[in-house]
Amino acid sequence: MEKTEQLCGIIDRLRAREAVSDEDYRRLLLASDPEAAEYLYQAARAVRESYYGKKVYMRGLIEFTNYCRNNCYYCGIRRDNLHAERYRLEESEICACAEEGYALGFRTFVLQGGEDGYYTKETIGQIVAALKERHPDCAVTLSFGEWDYAAYQHWRACGADRYLLRHETADEAHYRRLHPQEMSLAHRKNCLRQLRELGYQVGAGFMVGSPGQTADHLIKDLHYLQQLQPHMVGIGPFIPQKDTPFAKEPGGTLELTLKLLAILRLLLPKALLPATTALGTIHPKGRELGILAGANVVMPNLSPVGVRKKYLLYDHKICTGEESAQCVACLRQRIASIGYELREDRGDSLVETHRELTGR
């Protein structure tokens, strides 16, 4: 076992924004040292609170379609999953979800769906514009996968503020292990670059413990995220889904997910980091532990209760039967119990946008 003081020295260098070698990252990721882990979480909390205080921002998640043209090996809504019960929400249903969320205090709505060609560039633009017209004080986030530059540009012009697109892995060989041949890591990275250039607040991220993942893959992810400088990084444990090729693969661990959250907070102190639903799925207090490791966002579900069990990217997902008001009241209480405050504002990232950086 690595000596605790050596690991704490690596953490101190990360916190001071000093250079850390890949070997140091490897030691930190592979070590099983509860004392050093707690030191890491304390450092992450201190950095997060220096920028964001005790605020935890909530985003209202609207899962509007579980159709997808892709066939990612880990995903429960993959194209070839014939057991998935498919659905789509119309614009009126999406707006109704947002109305309910607004009354509950949400000021960010996240429209998440599989890459469903039923929704055209114009359709999504119309939905975004409708939400912005009804709720001009709110942010609209899209999480809708890989599209062309013209689509991203149109949605930005219609009022979309943010875009979430997990890169999943920064290693080409590992990407091939997770995705079919027709998909491309280079294309996904190019999409993220375009979104950044268009002035979106951009979110990237990856699964922790996905099949074939090594410490070296995770180190590549850390380097890529430092280069990209996203406004948000969404990470959560890999959880197998029974109707996918990875159904019998082991899931990601709480320990490694929390460790990576804390490392990311030290590397990207201004970024928004969600304590994900997946984290809450593998541990009854997973989201609270995520916040105590440096996270500052939660994403309660605003989707109609009748469709929530159909949007199963992974098995045993929590909160699929709760009404939105129940979910928010529960989260507010749980977050307060660890000394933090659930906020009812947009909660924009402190990371500069591309346009702020370039003047374009």
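Keep in mind that this is a model prediction, so the values were computed, not measured. (Residues numbered from 1 in each chain as written. Predicted model: local features only at pLDDT ≥ 70, side-chain atom pairs only at ≥ 80, totals over all residues. Heavy atoms only, no water.)

Caption draft 1: A look at the overall build of the protein. From N to C terminus, the protein includes 15 helices and nine strands. In terms of overall dimensions, the protein is globule-like: its C-alpha atoms have a radius of gyration of 19 Å, near the 21 Å expected for 360 residues. When burial is assessed residue by residue, the protein has 58% of its 360 residues classed as buried. For the protein, the proportion of contacts with a sequence separation of at least 24, taken over those separated by at least 6, is 77%. For the protein, the accessible surface area stands at approximately 14,300 Å², while carbon and sulfur atoms represent 51% of it. Of the side chains in the protein, 47 bear a positive and 47 a negative charge, and the two mean positions are spaced by 1 Å. (Helix = DSSP H or I, 4+ residues; strand = E, 2+ residues; numbered from the N terminus. Rg over C-alpha atoms; globule rule 2.2 N^0.38 Å. Buried < 20%, exposed > 50% of the residue type's maximum accessible area, 1.4 Å probe, protein only. Contact = heavy atoms within 4.5 Å. Areas by Shrake-Rupley, 256 points an atom, 1.4 Å probe, with all protein chains shown as cover. Lys, Arg positive; Asp, Glu negative; His and termini not counted. Charge placed at Lys NZ, Arg CZ, Asp CG, Glu CD.)

Caption draft 2: Just the sheet that holds strand S3 (residues 108-113), in detail. If you walk across this open sheet you meet the six strands as S2-S3-S4-S5-S6-S7, and the pairing is parallel. With partners counted over all chains shown, the strands left at the sheet margins are strand S2 (60-65) and strand S7 (232-237), one partner each. Averaged over all pairs of adjacent strands, the angle between their axes in this sheet comes to 20°, without regard to strand direction. Here strand S6 (residues 201-208) runs beside S7; their pairing, made up of six bridges, is parallel. Among the inter-strand pairings, Val-208 is bridged to a residue of S7, identified as Pro-237. Against the sheet, helix H5 (residues 121-134) makes contact with S2, S3 and strand S4 (139-143), and its axis sits at roughly 155° relative to S4, the strand it touches most. (Pairing = 2+ DSSP bridges. Axes fitted to C-alpha atoms, helices over the stretch in contact; angles between N-to-C directions.)

Caption draft 3: Local environment of the sheet that holds strand S9 (residues 341-343). A sheet is described by the order of its strands in space; here three strands give the open sequence S8-S1-S9, paired in parallel fashion. Each of the sheet's edge strands pairs with one partner strand only, and the pair in question is strand S8 (297-298) and S9. Inspection of the sheet shows strand S1 (residues 55-58) paired to S8 by two bridges, in the parallel sense. Across the sheet, the residue bridging to Met-58 is Val-298, located in S8. Packed onto the sheet, helix H14 (residues 324-336) meets S1, S8 and S9 and runs at close to 140° relative to S9.

Caption draft 4: Summary view of the packing of aromatic side chains. If you walk through the whole model with that rule in mind, you get 13 aromatic pairs. Pairing Tyr-52 with Tyr-57 gives two aromatic rings, centres 6.2 Å apart and planes at 80°, and the pair type is edge-to-face. This pair shows no difference in class: Tyr-52 is buried, exactly as Tyr-57 is. Ring plane angle 85° and centroid distance 6.4 Å describe the contact between Tyr-119 and Phe-144, whose orientation is recorded as edge-to-face. (Phe/Tyr/Trp six-rings, centres within 6.5 Å; stacked < 30°, edge-to-face > 60°.)

Caption draft 5: Representation of the nonpolar core. Within the largest apolar cluster, 101 residues are counted, with the highest numbers of intra-cluster contacts made by Tyr-152, Trp-155 and Tyr-163. For this core, the leading source of residues is helix H10 (residues 254-267), giving eight residues. Beyond its immediate sequence surroundings of up to four residues, Tyr-163 is in contact with Thr-141, Leu-142, Phe-144, Gly-145, Trp-147, Tyr-152, Trp-155, Leu-195, Tyr-200, Gln-201, Val-202 and Gly-203. Counting nine residues, the second largest nonpolar core, distinct from the first, contains Tyr-52, Tyr-57, Leu-61 and Met-232. (Core = buried A, V, L, I, M, F, W, Y, C linked by side-chain atoms within 4.5 Å.)

Caption draft 6: Geometry of the state of the cysteines. Scanning all chains against the criterion turns up zero disulfides. Free of any disulfide, Cys-95 has its nearest cysteine sulfur in Cys-97, 9.1 Å distant. Judged by its relative accessible area of 5%, Cys-95 is buried. With no disulfide of its own, Cys-327 has Cys-319 as its nearest cysteine by sulfur position, at a separation of 4.0 Å. (Disulfide = S-S within 2.5 Å.)

Caption draft 7: Up close: the side chain of Asp-315. Structurally, Asp-315 is set in the loop between helix H13 (305-308) and H14. Despite being buried, Asp-315 has no salt bridge partner; Lys-242 is the closest side chain of opposite charge, sitting 5.6 Å away. Here Gln-241 takes part through its side chain, which lies 3.4 Å from a polar atom of the side chain of Asp-315. Of the polar contacts made by the side chain of Asp-315, one reaches the backbone nitrogen of Lys-242; its length is 2.8 Å. Once you skip the residues sitting within four places of it in the chain, Asp-315 turns out to touch Ile-239, Pro-240, Gln-241, Lys-242 and Thr-281. (Salt bridge = Lys/Arg side-chain N within 4 Å of Asp/Glu carboxyl O. Polar contact = N/O pair within 3.5 Å; in protein donor to acceptor, adjacent residues only side chain to side chain.)

Caption draft 8: Highlighting the side chain of Ser-143. Tracing the backbone shows Ser-143 in strand S4. Not counting the four nearest positions on each side in its chain, Ser-143 is found in contact with Val-110, Leu-111, Gln-112, Gly-113 and Leu-164.

Caption draft 9: Examining the environment of Leu-14 more closely. Structurally, Leu-14 can be placed in helix H1 (residues 4-15). C-alpha separation for the pair Leu-14 and Gly-113, spaced 99 residues apart in sequence, amounts to 35 Å. What Leu-14 contacts, discounting residues up to four positions off in sequence, is Val-20, Tyr-25, Leu-28, Ile-263, Leu-266 and Leu-267.

Caption draft 10: Region of interest: the pattern of salt bridges. Counting across every chain of the model gives 30 salt bridges. Glu-249 is the partner of Arg-177 in a salt bridge, and the nearest nitrogen-oxygen pair spans 3.7 Å. Remark: Glu-249 occurs in the loop between S7 and H10 and Arg-177 occurs in helix H7 (residues 172-178); sequence separation between them is 72 residues. The partly exposed category is assigned to Glu-249, whose relative accessible area is 28%. Residue Glu-341 pairs with Arg-343 through a salt bridge whose shortest N-O separation is 3.5 Å.

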